[in-house]
Structures are given as C-alpha cells and as structure tokens.
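Summary of structural features
If you want the building blocks of each chain, they are given just below.
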Amino acid sequence: MSVVRDHSRSFAEFTFVYPVISRRSRGLSLGVNLNPDKRCNFDCVYCEVDRRTPGRANRVDVPQLREELTALIHAVQTGELARTGKFRETPELAGVIRDIAFSGDGEPTMIPNFAACVEAVADVKRAEGLRDAKLVLITDAAGLDKADVRRGLTIMDANQGEVWAKLDAGTEGYFRLVNRSFVRFDRILANLFATARERPIVVQSLFLRVRGEAMPPTELAAYCERLNALVAAGGCIKEIHAYTVARPTPEPWATKLEAGELETIAATIHARTGLPVLAFA
Ligand code: SF4
C-alpha cells in the first residue's frame, strides 16, 4: 500500500497516525499511535480507550508509519486537512503542526521497537522541514527505564523532544486505586526522576472524583511532596499539566471535577511546589 500516493484515503483509515486539535498542544497535534493493539500496563479508571473492541496491528510497521506520517504532513501543508471534516471549523489551527505526539490507544514505551519508531518520525520531521514542531512522548512512565526507550529519548532530545509523563497520585494506595497497574509506584517515581535528571519533563496529572470524592488533601500533599523531592534531588520539571475527565469513563464512579475545583488544585500545587501549573478543565 502507499498512502503517500493515495491522498484520497480518509485519515481515519491510517493505522498509526491521526490529526487532532489539542488544547494541551495549543493547536494541531499529529498523533502517532504506537499501540493500535491497545496494550497498556496501566488500567486507569478514567481511560478513554474503548477496549470492548479488539485492537488492530500488533506490531508497528516502521515503513508504513513513515509513509502515513509523510502523507498526513503533506495533507496539512497543502491545506487538505483544513478542508476536511471537523477541521473546517478551525482552518487557522489545522494548517500549523505544533507537535508530533507518541500517544494513542496504549502505552508507547511497551513496544519492542520504540527507538526505531522515534528515529523514523524524527527523520520525517526533519525531511519535511518541521523544525519548530515538538516531538512529544505521552507516557505513563512505567517503561522509561528500558534500554530501547532510553535510546529513543536520546533521539527525541536531539529533535525538539519533550516527555509528558503521567503522575496521578502521591501514594502507592491512591496509585493502585486510580491507575490500577501491576507496576510498582516506586518504579514510576524512580523513572520520572531518572528521566527528569537528563532533560526537563512535563508532568501530566489527571484529577477526578472517585465515588464522589475528589483527591483527599493528604493525598494532594503527598503528591506535592513527590514533586518537591524529585526537584530537590536534581530532577527538572518544566511544568505541570493538571486536567480532569473529559469523556465517559469505563467506571461510572470515576467522574470529572468542576473547573473551579481543578483551578483550586492547580493553585495548591503551584503554592506548594513553586512549579508552573497549567489547568485544562
Ligand atoms: S495509561 Fe493511558 S492508555 Fe493506559 S490505561 Fe491509563 S489512560 Fe488508558
């Protein structure tokens, strides 16, 4: 197949790439879905991925990824995307690629050929002259210590890379409640620290109501302490992205916070850590 030659294909038919207008990216983000198989080592109570339907490809085909990304970038550059579907509502945003983000239907660091995928995407970004576009990794941090992933991060560092790592808890107990992972919380913290020691990271944290209860004050204090400890030990956090549930969750008792509640949490985090905090209600 050649999606590069066949521009009539709908973007929805691509396996590995998709365009999205993202508030956190402040414009057009080209998503790179390294997990069409929907594999993840977390089972977050708020996950938006529909796992009732089976995943698609179970291994990333790098040449196909390269072709699809090139085709999508050309669709942006020729204005085709801005004339398509919902992107017609925001043509001024649909013409400028803010970032290319490894995210999608699972955890990107779980795949065995992560570094090869990063290299291919960085090659395409360079070949298409997208010097100002960031290369973002959206991750739950569980695999940041793998050798292949660390190689991928080094490639990202040389290509306007940015790691957006999840931290939704301050204690092992709350981590188990919200993220429901078999990975240990101290491994997540160690990975965040090791990554933040090498380059600035963005911490992205989802705050929600669990069975009617927002994050307890003691948990929020513990969360802030984790961030302070990371910085005190030499880690660099560029900013915190605080957000809440946006779509229906698999668990009906996992619900969104009101905008004011999220703003209050963001203000508390800023007051206790001194870090920049952006709230996306
Ligand atoms: S880490 Fe992301 S993909 Fe995995 S379960 Fe949580 S929200 Fe879903």
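Not measured: the values here are computed from a predicted model.

**Details of the packing of helix α3 (residues 114-127) against helix α4 (residues 147-157)**
To characterise two packed helices, one gives the angle between the axes of the helices and the distance between these axes. Closest axis-to-axis distance for the α3/α4 pair is 7 Å, and the angle between their directions is 15 degrees. The angle between α3 and α4 falls in the class roughly parallel. As for how α3 packs across α4, the hand of that crossing is left-handed. Of the residues in α4, those in contact with Phe114, Ala115, Val118, Glu119 and Ala122 of α3 are Asp148, Val149, Arg151, Gly152, Ile155 and Met156.

**Considerations on the packing of helix α1 (residues 62-77) against α3**
At a minimum axis separation of 10 Å, α1 and α3 run at an interaxial angle of 30 degrees. Classified by the angle their axes make, α1 and α3 are roughly parallel. Both α1 and α3 take part in a crossing whose hand is right-handed. Across the interface between the two elements, Val62, Leu65, Arg66, Leu69 and Thr70 from α1 touch Ala116, Cys117, Ala120, Val121 and Val124 from α3. For the contact of α1 with α3, a count of residues per class yields eight nonpolar, one polar and one charged.

**Topic: the confidence of the model for the protein**
Confidence in the prediction for the protein averages 93 pLDDT; 96% of positions are at 70 or higher. Per-residue pLDDT stays below 50 along residues 1-9; that stretch engages in twelve contacts with residues further than four places along the chain or on separate chains.

Scoring rules and cut-offs
Residues numbered from 1 in each chain as written. Predicted model: local features only at pLDDT ≥ 70, side-chain atom pairs only at ≥ 80, totals over all residues. Axes fitted to C-alpha atoms, helices over the stretch in contact; angles between N-to-C directions. Helix = DSSP H or I, 4+ residues; strand = E, 2+ residues; numbered from the N terminus. Parallel < 35°, antiparallel > 145°, perpendicular 65-115°, else oblique. Left-handed = near helix turned anticlockwise from the far one by under 90°. Contact = placed C-beta atoms within 7 Å. Nonpolar A, V, L, I, M, F, W, Y, C, P; charged D, E, K, R; others polar. pLDDT = per-residue confidence, 0-100.

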